[in-house]
Amino acid sequence: MISVKNLSFHYAKKKELFHELNLELGQGNIVGLLGKNGAGKTSLIKILTGLLYPKAGECQMLGETPSKRSPQFLGNVYFLPEEIEESNLRMDKHVALYAPFYPKFDHEAFASNMTSFGIDPSENLKNLSYGQKKQFYISFGLASGCSLLVFDEPTNGLDIPSKSVFRKLVASSMTDDKLILISTHQVRDLGNLIDRVLVLNNGAIIFNKSTEDISNQYDFVSTDTVPDSTQWLYHERGLGNGKAIVQSQGNLESKIDLELLFSGIVAHPEKFKTTAHE
Ligand SMILES: Nc1ncnc2c1ncn2[C@@H]1O[C@H](COP(=O)(O)OP(=O)(O)OP(=O)(O)O)[C@@H](O)[C@H]1O
């Protein structure tokens, strides 16, 4: 579904942001894209959705070149940016105007998503809070029927119950022919939702693993459970016991701690290297 080969990119008069970046992602996945501030997550998303052009390399999405922005490609890709444009339309009018660009738009799903968030489509977008606007655009995107959904920091501005609604709606709208890519710093909001973790760092994808492989390969433990520090791939001190990531021996059941994993990968990329077959 996404195939990026040797992608290089820089903004005008700026140093290179991506250098020969490679990325392959298949359909049927909900992927978390993680990276430090300024790592280039938004820029990468914009390249994938055809809003920025690569300087070198190849980028194919859904078998098309995003930068050509063909109507077929645009009707099959939904991008929710972190910063939402101002609009002076009622939400139902917005849907009447923009849904026709998405041939597989599902009006029933849209109405149901809006009900789940508890927002009334007859309201004008300009009268909504930032979080409510997000709820509307998430409802729209999940109903768009697009094969590729890209959400940049979707849970920013959502309250705690709405984050839970977001997770439920994403999980229930997922089908085998879709790819949902979520870029975020709010890794706790992704708990149990994503099935693949990508980490972008220093111009490259340094980690690309399914959550199944992560669970099989690593255990997330309290440092008193595994006190031998030579076994720790990464650890953080806490108020009481610290937390550590260790190579899985297959005898512990542990829940993935995404925050700890991300910190470990960025601190010691060599210890968490993704092998070619993953
Ligand atoms: N329009 C632009 N012109 C020039 N430089 C830009 C532009 N947009 C982003 N950059 C630079 O590119 C780099 C990557 O920015 P980007 O927004 O893609 O990162 P990010 O990972 O999404 O960051 P954050 O997590 O803070 O949102 C930053 O150094 C930023 O200053």
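Residues numbered from 1 in each chain as written. Predicted model: local features only at pLDDT ≥ 70, side-chain atom pairs only at ≥ 80, totals over all residues.

Things to note about the overall build of the protein chain
Here is the rule: Here a helix means four or more residues in a row that DSSP labels H or I, a strand means two or more in a row labelled E, and each is numbered from the N terminus. The globule rule is 2.2 Å times the number of residues to the power 0.38, and the radius of gyration it is compared with is taken over C-alpha atoms. Contact criterion: two residues are in contact if their C-beta atoms, reconstructed from the backbone, are within 7 Å.
What the protein chain contains, in helices and strands, is eight helices and 12 strands. Taking 2.2 N^0.38 as the reference for a compact globule, 278 residues should give roughly 19 Å; the C-alpha atoms of the protein chain span a radius of gyration of 20 Å, in line with that estimate. Long-range pairs, those at least 24 residues apart, make up 68% of the contacts in the protein chain with a sequence separation of at least 6.

A short note on the packing of helix α5 (residues 130-143) against helix α6 (residues 160-173)
To keep it simple, the criterion reads: Helix axes use the C-alpha atoms of the stretch in contact, all axes being lines fitted to C-alpha atoms, and the angles between their N-to-C directions lie in the range 0 to 180 degrees. Roughly parallel here means an angle under 35 degrees, roughly antiparallel means over 145, roughly perpendicular means 65 to 115, and every remaining angle is called oblique. Under the convention adopted here, Pro, Cys and the residues Ala, Val, Leu, Ile, Met, Phe, Trp and Tyr are nonpolar, Asp, Glu, Lys and Arg are charged, and Gly plus all remaining residues are polar.
Contact geometry of α5 with α6 gives a least axis separation of 11 Å together with a crossing angle of 5°. For the element pair α5 / α6, the angle class is roughly parallel. Here Gly131, Gln135, Ile138 and Leu142 of α5 come into contact with α6, specifically with Ser162, Phe166, Leu169, Val170 and Ser173. Grouping the constituent residues of the contact of α5 with α6 by class yields five nonpolar, four polar and no charged.

Concerning the environment of glutamate 212
Stated precisely, the cut-off is as follows: With C-beta atoms placed from the backbone, a residue is labelled by how many other C-beta atoms lie within 10 Å of its own: buried for 20 or more, exposed for 12 or fewer, partly exposed between the two.
Within the secondary structure, glutamate 212 is located in helix α7 (residues 211-217). What makes glutamate 212 exposed here is the crowd of 10 C-beta atoms within 10 Å.

Considerations on the UniProt feature "domain: ABC transporter" (unreviewed entry) in the protein chain
Applied cut-off: UniProt positions are given in the numbering used here, feature names are shortened, and annotations may be inferred rather than shown by experiment.
As recorded in UniProt, the feature "domain: ABC transporter" (unreviewed entry) lies at residues 2-227. Across residues 2-227, the secondary structure splits into 29% helix and 27% strand, with the terminal C-alpha atoms separated by 42 Å.

Brief notes about the domain arrangement of the protein chain
Defined as follows: All domain edges in this entry derive from an automatic or database-based domain assignment.
Under the domain assignment, the protein chain is made up of domain 1 (2-202) and domain 2 (211-272). When each unit is reduced to the centre of its C-alpha atoms, the spacing between domain 1 and domain 2 is 30 Å. Taken residue by residue, the interface counts 10 residues in domain 1 and eight residues in domain 2. The element best represented in the side of domain 1 that touches domain 2 is strand β8 (residues 196-201), accounting for four residues. Taken together, the residues of the side of domain 1 that touches domain 2 sort by class into six nonpolar, one polar and three charged.

Re the sheet that holds strand β12 (residues 243-247)
To keep things clear, this is the line we draw: Strands are labelled as partners when DSSP assigns at least two bridges between them.
Here three strands make up an open sheet; going across it, the order is β10-β12-β11 and the pairing antiparallel. Each of the sheet's edge strands pairs with one partner strand only, and the pair in question is β10 (218-222) and β11 (232-236). Going across the sheet, the axis of each strand differs from the next one's by a mean of 20°, ignoring polarity. Note: β11 against β12, four bridges, orientation antiparallel.

A closer look at the confidence of the model for the protein chain
Heads up, the rule is: pLDDT is a per-residue confidence score from the predictor, ranging from 0 to 100.
Per-chain confidence: the protein chain averages 93 in pLDDT, with 98% of residues scoring 70 or above. Per the prediction output, this complex has pTM 0.94; the corresponding ipTM is 0.98.

Observations regarding the site of the ligand
Note the following rule: In this text, near has one meaning. A residue is near a molecule or strand if its C-beta atom, placed using the backbone, is within 6 Å of it.
The full set of residues close to the ligand is Tyr11, Lys14, Leu17, Gly35, Asn37, Gly38, Ala39, Gly40, Lys41, Thr42 and Ser43. For the shell around the ligand, the per-class residue count stands at three nonpolar, six polar and two charged.

So, the nonpolar core
Note on soluble globular proteins: their nonpolar side chains tend to be buried together. Here is the rule: In this usage, the nonpolar core is the set of buried Ala, Val, Leu, Ile, Met, Phe, Trp, Tyr and Cys residues whose C-beta atoms join them within 7 Å.
Core analysis: the largest hydrophobic core is formed by 64 residues, its most contacted members being Val31, Ile180, Ile182, Leu198 and Val199. Viewed by domain, this core spans two of them, domain 1 (2-202) and domain 2 (211-272), each represented by three or more residues. Apart from residues no more than four positions distant in its own chain, valine 31 is found in contact with Leu25, Leu179, Ile180, Leu181, Ile182, Ile194, Arg196 and Leu198.

Re unusual backbone geometry
The backbone of leucine 62 shows a phi angle near 50°, a positive value even though the residue is not glycine. If you trace the backbone, leucine 62 turns up in the loop between β4 (56-61) and α2 (71-74). The phi torsion at asparagine 202 lies on the positive side, around 45°, for a residue other than glycine. You can see asparagine 202 is positioned in the loop between β8 and β9 (204-210).

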